[in-house]
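Structural overview for review
Spelled out, the chains give:
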Amino acid sequence: MTMPAPDRRRAPAFPLAAVLAAVLATAVPPAARADATVRDDHGTLTVPANSPIAGRLTVQPVTLSTPSRAIPIPGAIMAEPSRSLAILPPLTGRIVSLAIAPGDSVTRGQVLAEIVSGDMAQATADALKARAALDQAHRALDRALGVARAGGAAVRDVEAARSAYLQAAAEEERADARLAALGGQGATGGRMVLRAPVDGIVSAVNSAAGAYISDVTAAIMTIADIRQVWATASIPENQVPLVQVGQQADIAVPALPNQVRHGVIAAIEPVMHADTRTLQARIVLANDDGALKPNMFATVTVQAPQPARIMVPQSALLMNNDQVTVFVETAPHTYVRRIVDIVYDDGALCEVTSGLAAGERIVTQGAVLLNDD
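Residues numbered from 1 in each chain as written. Predicted model: local features only at pLDDT ≥ 70, side-chain atom pairs only at ≥ 80, totals over all residues. Heavy atoms only, no water.

**Here we look at unusual backbone geometry**
As a reminder, the rule being used: Think of it this way: any DSSP run of H or I at least four residues long counts as a helix, any run of E at least two long counts as a strand, and we number them from the N terminus. Summary of the burial criterion: residues with accessible area below 20% of their type's maximum are buried, those above 50% are exposed, and those between are partly exposed, where the area comes from a 1.4 Å probe applied to protein chains only.
Even without being a glycine, His42 presents a positive backbone phi close to 55 degrees. With respect to the helices and strands, the residue His42 is situated in the loop between strand E1 (39–41) and strand E2 (44–46). Residue classification places His42 among the exposed residues on the basis of a relative accessible area of 81%.

What follows is the structure, given as structure tokens:
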């Protein structure tokens with residue numbers, strides 16, 4: 001009887017090391033299998049200094065941060081009131097020439113207009129008469145003093161001549177001062193020359209050559225010096241506490257889209273505007289190039305400081321059982337998980353509202369290597 005040949009196929013042989021690894025894998029708890037170099041003692045994790053994990057952990061102290069909040073406020077560009085002058089006619093009369101037009105640049109002392117005025121003619125005549133009277137009084141005083149030295153005049157005659165001289169001098173001074181106030185030095189025939197009191201730009205002209213001036217309170221023209229202007233911000237009532245004098249401000253003007261001016265809030269009006277419920281703040285801006293024009297729209301952005309708060313990197317935060325946690329270093333290479341409350345943010349930093357104190361050290365990089373849950 002022929003016996004069947006034995007099956008020579010052999011079961012695959014497993015190396016001894018593989019078998020031992022499989023046995024140990026079933027005996028070691030999952031947490032230890034994750035990384036045998038991290039020791040867990042009832043929630044306190046210790047990473048030996050020579051562990052490869054230790055070199056991948058970054059630990060930093062928790063610090064308080066004082067962030068600022070950008071507050072955009074609508075505003076406008078204004079000419080400084082002290083640099084914007086309404087040119088008023090000092091006397092009534094007729095304008096015989098007007099040498100400027102809106103938009104013209106003028107310099108201090110430049111002729112703006114010429115006006116023929118009867119009052120100017122009277123003022124000029126008064127000044128001439130006062131000078132003549134002063135000259136006559138001076139000669140009379142000299143004669144009286146000469147006679148007195150010769151013994152031929154009484155003291156009262158000298159005193160009378162001196163009093164007349166002093167009165168004439170006072171009258172001459174008054175007449176010259178009035179003529180100077182009218183800008184009529186050297187004027188003849190009642191012709192008055194109106195000159196620019198400051199450098200600037202003619203922003204408005206309200207009359208023309210040939211017009212008669214009957215109201216000396218109506219401006220003939222306006223000159224604005226815009227080498228320095230104001231940026232005004234209309235602060236809404238609910239944002240008033242956030243804006244203070246001395247804060248930095250950025251000024252953007254739609255008409256100049258590629259430019260941002262920087263300044264400091266110089267003043268805030270003390271009284272709120274009843275119609276708009278806003279307070280006006282002003283920033284002084286240099287404008288040597290003249291690019292900023294009065295009445296341009298502007299947006300004033302103020303950096304308002306916020307209360308100090310704890311900010312930590314997003315990389316330090318871990319989710320653990322629907323709770324946000326961080327690892328706090330309690331001793332060198334020793335860490336404890338801590339539950340924290342945060343304010344979610346899309347930035348690199350996140351605000352922690354509770355669970356951490358300034359000065360504590362937390363794992364900011366590599367914390368996931370300790371996250372064994």
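**Some points on the packing of aromatic side chains**
Note the threshold: Paired rings are identified among Phe, Tyr and Trp, the last through its six-membered ring, by centres lying within 6.5 Å, and are further divided according to the angle between planes into stacked (under 30 degrees), edge-to-face (over 60) and tilted (the rest). The criterion is that NZ of a Lys, or CZ of an Arg, lies within 6 Å of the ring centre and within 35 degrees of the ring normal, and then a charge sits over that ring.
Scanning the entire structure with this criterion turns up 0 aromatic pairs. Over the ring of Trp230 we find Arg282, and its NZ or CZ is 4.5 Å from the ring centre.

**Let's talk about the sheet that holds strand E7 (residues 93–98)**
Here is the rule we go by: At least two DSSP bridges between two strands are required for those strands to pair.
The strand order across the open sheet built from 4 strands is E10-E9-E7-E12, with neighbouring strands paired in antiparallel fashion. Looking at the sheet topology across the chains shown, the edges are occupied by strand E10 (191–195) and strand E12 (212–213). Across 4 bridges, the pairing between E7 and strand E9 (residues 111–116) is antiparallel. Among the inter-strand pairings, Ser97 is bridged to a residue of E9, identified as Glu114.

**Notes on the side chain of Thr325**
Spelled out, the test is: Polar contacts here mean pairs of N or O atoms no more than 3.5 Å apart (in protein, one a potential hydrogen donor and the other a potential acceptor; neighbouring residues in sequence count only if both atoms are side-chain atoms). Between two residues, a contact is recorded if the distance between any of their heavy atoms is within 4.5 Å.
Mapped onto the fold, Thr325 is located in strand E21 (residues 323–331). A distance of 3.0 Å separates a polar atom in the side chain of Thr325 from a polar atom in the side chain of Arg337. The contacts of Thr325, once residues within four sequence positions are left out, are Ala316, Leu317, Leu318, Asn320, Arg337, Arg338 and Ile339.

**What about the pairing of strand E11 (residues 200–205)?**
In the sheet, strand E8 (residues 105–106) pairs with E11 via 2 bridges, with the strands oriented antiparallel. Note on E11: the bridge partner recorded for Val106 is Gly200. Pairing analysis gives 4 bridges linking E11 to strand E13 (residues 221–224), with the strands arranged antiparallel. Bridge assignment links Ala204 to a residue of E13, and that residue is Thr222.

**With respect to helix H3 (residues 118–150)**
As a reminder, the rule being used: One less than the residue count of a helix, multiplied by 1.5 Å, gives the span that helix is expected to have.
Under the 1.5 Å per step criterion, the end-to-end length of H3 is 48 Å for 33 residues, consistent within 8% with the ideal 48 Å. The inward-facing, buried residues of H3 contact helix H4 (155–181) and E10. Taking the backbone nitrogen of Asp119 as reference, a side-chain oxygen 3.2 Å away marks Ser117 as the first, capping residue of H3. Gly151 sits one or two positions beyond H3 and adopts a positive phi of about 85 degrees.

**A short note on the environment of Gly210**
For Gly210, the location among the structural elements is in the loop between E11 and E12. C-alpha of Gly210 to C-alpha of Arg94: the two residues are 116 residues apart in sequence and 6.2 Å apart in space. For Gly210, the residues in contact, after removing those within four places along its chain, are Arg94 and Ile95.

**A short note on the environment of Ile77**
With respect to the secondary-structure elements, Ile77 resides in strand E5 (residues 68–79). What makes Ile77 buried here is its relative accessible area of 0%. Separated by 206 residues in sequence, Ile77 and Ile283 place their C-alpha atoms 9.6 Å apart. Discounting residues that sit within four places of it in the chain, Ile77 has contacts with Val229, Trp230, Ala231, Ile251, Val253, Leu292, Lys293, Pro294, Asn295, Met296 and Ala298.

**Observations concerning H4**
Its 27 residues place the ends of H4 39 Å apart at the C-alpha level, agreeing with the 39 Å of an ideal helix rising 1.5 Å per residue. Three or more residues of H4 are buried, namely Val158, Ala161, Ala168, Glu172, Ala175 and Leu179. Those residues of H4 that are buried lie in contact with H3.

**Section: the nonpolar core**
We count it as follows: Buried residues of nine kinds, namely Ala, Val, Leu, Ile, Met, Phe, Trp, Tyr and Cys, make up a nonpolar core once their side-chain atoms join them within 4.5 Å.
Residues Ile77, Ile251 and Ile283 are the most contacted members of the largest nonpolar core, which totals 26 residues. For this core, the secondary structure elements donating two or more residues are E5, strand E14 (228–236), strand E15 (248–253), strand E16 (256–268), strand E17 (278–286) and strand E18 (297–305). Ala130, Leu179, Met221 and Ile223 belong to the second-largest nonpolar core, a separate cluster that totals 23 residues.

**Some points on the environment of Val106**
Following the sequence through the fold, Val106 ends up in strand E8. Overall, the relative accessible area of 3% leaves Val106 in the buried class. Taking C-alpha positions, Val106 is 5.6 Å from Asp199, a pair spaced 93 residues apart along the chain. In contact with Val106, other than residues within four places in its own chain, are Ile100, Leu112, Ala196, Val198, Asp199, Gly200, Val202 and Ile223.

**Side note on the pattern of salt bridges**
Basically, it comes down to this: The salt bridge definition used is simple: a Lys or Arg side-chain nitrogen within 4 Å of an Asp or Glu carboxyl oxygen.
According to the stated counting rule, one finds 13 salt bridges in the structure shown. Taking the shortest distance from any N to any O, the salt bridge between Lys129 and Asp126 comes out at 3.9 Å. Taken together, the residues span about one helical turn, with Lys129 and Asp126 both in helix H3 at a distance of 3 residues. Residues Arg361 and Glu329 are paired through a salt bridge, measuring 2.7 Å at the closest nitrogen-oxygen approach. Pair noted here: Arg361 is in strand E25 (residues 361–365) and Glu329 is in strand E21, with a separation of 32 residues, a long-range link. When salt bridges with common partners are traced through the structure, they connect Glu80, Arg83, Asp225 and Arg227 into a single cluster.

**A closer look at the sheet that holds strand E24 (residues 349–354)**
Pairing in this open sheet of 4 strands is antiparallel, and the strands run E4-E19-E24-E23 from one edge to the other. Edge strands, defined here as strands with exactly one partner in the open sheet, are strand E4 (64–65) and strand E23 (341–343).

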